[in-house]
Structures are given as C-alpha cells and as structure tokens.
Amino acid sequence: MSSASRPFVMRVKAWFDRFMHEIAKFGVVGLLAFILDTTLYNIFVFGLPWVEAQGPMSDIPLRAKILSTGIATIFAWLGNRYWTFRHKRRDGAFHELVLFIFFNIIGLAIALVCLGFSRYVLDLHSQLADNISGNGVGLVLGTIFRFWAYRTFVFTKMDDPTQREGAIDT
C-alpha cells in the first residue's frame, strides 16, 4: 500500500468502524424500544395475558399503536441521544427532539399502513396478524427509514475529525 493511499484507507476504516458501532447501539436501543412498543400495544389491545378481559383499547387498535409507539419514541430518543449518537447530538435538545419525533411519525405511518392494510384490506384481526403486520413488517421498514433519517437529519453535529470536510460522507 502506498503512503498516499494510507490516510484514505484509515479514514474509510474509521468511518466503517464508527458506522458499525452506531448500528450496534442503534440496534440495542431499537430492540428495547420494540419490546416496549410491542408489549404496550398488546396490553392496550389484547389485555394482560393472565386476565381474560380484552385490553382497554381493543376497539381502537390504530390509536393503541400510536400511543405505544409514542411512549417507545421518547425512550428511543433518550437512548439514541445519550448513547448511540452522543458524539453527534446537537446542543439544542428541543430542536433535535422535534426532528426525531417528525421522523418517527413518518416511521409510525409506515407501520400504520402495514397494520391498516392487514386489518382493513386483508380483514385479519388476530393478535398474530397484528404483530406480523404492525410490529414485524411495518417496524422493519420504519426502522430502516429511521436509521437513515437520524444519521442524515437529526444527529448531525460533526465533532469527529473523520467527518469534517474532505472526509468520507455517510
């Protein structure tokens, strides 16, 4: 390897290492938010597993999904702000939170479209169908979108030398 290409290779390696580290942390925060969201949704709609009664929001599953996702969103913002992207968080937490919520609303819309399609087009009303459509397909598509949006628009403070002008962009 020539000495001229060494700095470029080092920058690529540093970018890749940082990117993989962010993905791993994002995955942990996302997994915990997913567990929180899914658990709350199932309790809201289907009730507690050991209780025969339906959940308090059994007749309004889309609102239940909005509420469970809203609670999980606040959890995810805190986890991503103070752990995943702590090196890139903005000074203005309110502006960052507004952007985070905005992109989460879009991610939620993706999950709602999947859940609504399953419920109202395919006429599937089981707990399994809801979890596959809203918490499976919808969540996967929404998560891919969120990771891109967070890195691109929300957590954008560039204090890492490998992200400064002339470095490889993500």
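Here the structure is a predicted model, which is why all the values come from computation and not from measurement.

> Would you mind going over the pattern of salt bridges with me for this structure?
Two side chains with opposite charge may pair up if their charged atoms get near one another. By the definition in use, this model includes five salt bridges. We note a salt bridge from Asp17 to Lys13, for which the minimum N-O separation is 2.7 Å. Of this pair, Asp17 and Lys13 both sit in helix α1 (residues 6-46), separated by four residues, roughly a single helical turn. Look at Asp17 and you get partly exposed, because its relative accessible area is 39%. Linking Arg119 and Asp130 is a salt bridge whose minimum nitrogen-to-oxygen distance equals 2.6 Å. On the criterion of sequence distance, the pair formed by Arg119 in helix α3 (residues 93-121) and Asp130 in helix α4 (residues 127-154) is long-range, its members being eleven residues apart. Taken as a pair, Arg119 and Asp130 share a single burial class, namely buried.

> Quick question: what am I supposed to make of the nonpolar core here?
As a rule of thumb, nonpolar side chains are buried together in soluble globular proteins. In this structure, Phe85, Phe100, Phe103, Tyr150, Val154 and Phe155 are the most contacted members of the largest nonpolar core, which totals 18 residues. Mapped by element, the contributors of at least two residues to this core are α1, α2 (61-84), α3 and α4. The greatest single-element share of this core, amounting to five residues, is contributed by α4. The residues contacting Phe155, other than those within four sequence positions of it, are Trp77, Asn80, Arg81, Phe85, Lys88, Arg89, Glu96, Phe100 and Tyr150.

Cut-offs and rules
Residues numbered from 1 in each chain as written. Predicted model: local features only at pLDDT ≥ 70, side-chain atom pairs only at ≥ 80, totals over all residues. Heavy atoms only, no water. Salt bridge = Lys/Arg side-chain N within 4 Å of Asp/Glu carboxyl O. Helix = DSSP H or I, 4+ residues; strand = E, 2+ residues; numbered from the N terminus. Buried < 20%, exposed > 50% of the residue type's maximum accessible area, 1.4 Å probe, protein only. Core = buried A, V, L, I, M, F, W, Y, C linked by side-chain atoms within 4.5 Å. Contact = heavy atoms within 4.5 Å.

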